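Residues per chain are reported as follows:
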Amino acid sequence: MNKPRRPELLSPAGSLKALRFACAYGADAVYAGLPRYSLRVRKNTFRNAAALAEGIATAHTAGKQFFLAVNLVPHDRKVRTFIDDMAPILDNTQKPDALIMADPGLIMLVRERWPEMPVHLSVQASTMNSASVRFWQKLGLRRIILSRELSLDEISEIRQACPDMELEVFVHGALCIAHSGRCLLSGYFSSRDSNQGACTNSCRWKYGIVPDPSAEAHPQNAFTPDPAYHPHPLAQQPWLIDETARRAGEYMEISEDENGAYIMNSRDLRAIEHVRRLVEIGVDSLKIEGRTKSHYYAARTAQLYKRAIDDAVAGRPFDPALLAKLDGLANRGYTDGFLGRHEARETQNYERGESRTDTQEFVAEVTAYDAATGYSTLDVKNRFVVGDRLEIISPDGDRDMTLGALENTEGHPVETAPGNGHTVRAKLGETLPGLTLVARYLQTEREARTDAGPAGS
């Protein structure tokens, strides 16, 4: 049997630091975007042509590719400025390797002005079938990022029908309660349009319900169920949503039918166990979502998915330990999405909107290493103490240890690294300053915070 072709591993780069870590830990390519023309306004440090040029140069120096996300569906005011804003980037000698685009109009403008620039069709275009793939191929696009709503078998059918087109598939990251990320909730609830990059993650807010005080005065608003449906009496009156965490008292109407009330919070996508099948299918690129996530997330996901790709290409069996490693990242519970066609209850998170991590917590970053003394200087991110079991994470490999001692910057012994903003020193073995990360194994379930954006690129 011929050895399967190795797919590209494509990682998110919401910041220059995340870009560097993704490249160091195994990504073959990274993607980022200008806030005005991509679906990431918040937590996006690539705010102008100069910042992008630095990111592109950094990726190319590391031997990696850089894809520029230009994937929003714009109103005319952004169309009018598009060419002038893109010219300093695309006319530069240090330019992106491809553009990720969704809007046919913007694609047309790029094809007219920069006909040699490769274009990848964003997942926002919701490409679901081989006919659509061939349509875009005839227009000269280089790659199609397939819709998240496809199963493994459907991806395989598209591959067989379109053998000459590059195909990209998401394998990890946030999912939206919308078709391929095209959601209106944020715009409705907070007047911030997720389709323009300003998603407020309304699907993940903490909601409660209260009776509508106007129901008696306006009985025509009362819920009238199907005659065959016999609901609880309380379901027959109007209710209001109260987002209790930050917007208590700002009521929004909710309606319900025999199937339930539609306030949903998706689990996060984790398809690492399907990497082998995707490699066998011949998918060209496996993509990780998460441009608003930390450099730790960028490093860890790149590292673990690279291992899964290495194993698949070499014919080795899947390593279940990779699942546990990914459990250590902040997440909202995991699902493999539509790849395996699970029931809705397995993909929807009814219990919590915030992220969680059950096995590990990112606690420090190595900023210096003194070979003479063996001490590493640690920039603390979360609290840890002497006696904790740690994992030292490096591009060269990982290792576990129990922390025997700590000292402060004056060399005095301490028992605790209190948390973010502190600096301590410890003997961790030889480390790589600027690239080595430290995680603490958790003894009990702990909550972890994150702020994921909408899931489109």
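Residues numbered from 1 in each chain as written. Predicted model: local features only at pLDDT ≥ 70, side-chain atom pairs only at ≥ 80, totals over all residues. Heavy atoms only, no water.

As recorded in an unreviewed UniProt entry, the chain goes by the name U32 family peptidase, listed as coming from Ereboglobus luteus.

A. Geometry of the overall build of the chain. Helix and strand counts for the chain come out as eleven helices and 25 strands. Contacts in the chain between residues far apart in sequence, at least 24 positions, make up 70% of those at least 6 positions apart. (Helix = DSSP H or I, 4+ residues; strand = E, 2+ residues; numbered from the N terminus. Contact = heavy atoms within 4.5 Å.)

B. Spotlight on the pattern of salt bridges. Per the counting criterion, the structure on display carries 23 salt bridges. Put simply, E8 and R143 hold a salt bridge, and the shortest N to O gap is 2.8 Å. Residue E8 is found in strand 1 (residues 8–12), and its partner R143 is found in strand 6 (residues 143–145); the two are separated by 135 residues along the sequence. Here R143 falls in the buried class, since its relative accessible area comes to 4%. In this structure, E361 engages R440 in a salt bridge whose closest nitrogen and oxygen atoms are separated by 3.4 Å. Of this pair, E361 sits in strand 15 (residues 360–370) while R440 sits in strand 24 (residues 437–441); the two residues are 79 residues apart in sequence, bridging distant segments of the chain. Taken as a pair, E361 and R440 share a single burial class, namely buried. (Salt bridge = Lys/Arg side-chain N within 4 Å of Asp/Glu carboxyl O. Buried < 20%, exposed > 50% of the residue type's maximum accessible area, 1.4 Å probe, protein only.)

C. Region of interest: the packing of aromatic side chains. Applying the stated rule across the entire model yields five aromatic pairs. Seen from their ring centres, Y37 and F82 are 5.4 Å apart, and the 75° between their planes marks the pair as edge-to-face. One end of the pair, Y37, is in the loop between strand 2 (29–32) and helix 2 (49–61); the other, F82, is in helix 3 (residues 76–90), with 45 residues separating them in the sequence. Note on F82: relative accessible area 0%, which makes it buried. In this arrangement the basic side chain of R148 is found over the ring face of F170, its NZ or CZ atom lying 3.8 Å from the centre. (Phe/Tyr/Trp six-rings, centres within 6.5 Å; stacked < 30°, edge-to-face > 60°. Lys NZ or Arg CZ within 6 Å of the ring centre and 35° of its normal.)

D. Region of interest: the packing of helix 1 (residues 16–24) against helix 9 (residues 295–314). At a minimum axis distance of 8 Å, the contact between helix 1 and helix 9 shows a crossing angle of 20°. Taken together, the axis directions place helix 1 and helix 9 in an arrangement best described as roughly parallel. When you trace helix 1 past helix 9, the crossing you get is right-handed. Counting all contacts with helix 1, which are made through K17, A18, F21 and A22, the residues of helix 9 involved are H295, A298, A299 and A302. Of the residues in the contact of helix 1 with helix 9, the class split is six nonpolar, one polar and one charged. (Axes fitted to C-alpha atoms, helices over the stretch in contact; angles between N-to-C directions. Parallel < 35°, antiparallel > 145°, perpendicular 65-115°, else oblique. Left-handed = near helix turned anticlockwise from the far one by under 90°. Nonpolar A, V, L, I, M, F, W, Y, C, P; charged D, E, K, R; others polar.)

E. Main features of the confidence of the model for the chain. Per-chain confidence: the chain averages 85 in pLDDT, with 75% of residues scoring 70 or above. Per-residue pLDDT stays below 50 along residues 256–262; that stretch engages in ten contacts with residues further than four places along the chain or on separate chains. This stretch, residues 347–354, has a pLDDT under 50; its non-local contacts, to residues over four places away or in other chains, come to 23 contacts. (pLDDT = per-residue confidence, 0-100.)

F. How the structure looks around unusual backbone geometry. We note that S126 has phi near 55°; this positive angle belongs to a residue other than glycine. Assignment of secondary structure puts S126 in the loop between strand 5 (119–121) and helix 5 (130–138).

G. A look at the side chain of S285. For S285, the position within the fold is in strand 12 (residues 285–288). Judged by its relative accessible area of 0%, S285 falls in the buried class. A distance of 2.7 Å separates a polar atom in the side chain of S285 from a polar atom in the side chain of E8. Aside from chain neighbours lying at most four places away, what touches S285 is P7, E8, L10, R143, L167, E168 and V169. (Polar contact = N/O pair within 3.5 Å; in protein donor to acceptor, adjacent residues only side chain to side chain.)

H. Local environment of the environment of L150. Relative to the assigned elements, L150 resides in the loop between strand 6 and helix 6 (152–161). When its relative accessible area of 2% is taken as the criterion, L150 is described as buried. Expressed as a C-alpha distance, the spacing of L150 and G340, which sit 190 residues apart in the sequence, is 9.1 Å.

I. Broad picture of helix 9. Helix length check: helix 9 (20 residues) gives 28 Å between terminal C-alpha atoms against 28 Å at 1.5 Å per residue, within 8%. Counting buried positions along helix 9 yields 16 of 20 residues, so the element is predominantly enclosed. With its phi angle positive at about 85°, G315 sits one or two positions after the end of helix 9. (Expected span 1.5 Å × (residues − 1).)

J. Summary view of empty space enclosed by the protein. The tally for this structure, following the rule as stated, stands at four cavities of 30 Å³ or more. Roughly 70 Å³ of internal volume is contained in the largest cavity. Lining the largest cavity, in full, are I272, E273, V275, R276, A308, D311, A312, R316, P317, F318 and D319. For the lining of the largest cavity, the secondary structure elements donating two or more residues are helix 8 (275–281) and helix 9. The element best represented in the lining of the largest cavity is helix 9, accounting for three residues. Per-class residue counts for the lining of the largest cavity are six nonpolar, no polar and five charged. (1 Å grid on protein atoms, 1.4 Å probe; cavity = no way out; pocket = protein on both sides within 12 Å on 5 of 7 lines; lining within 4 Å. Points joined across faces, edges and corners; volume = space filled by probe spheres on them.)

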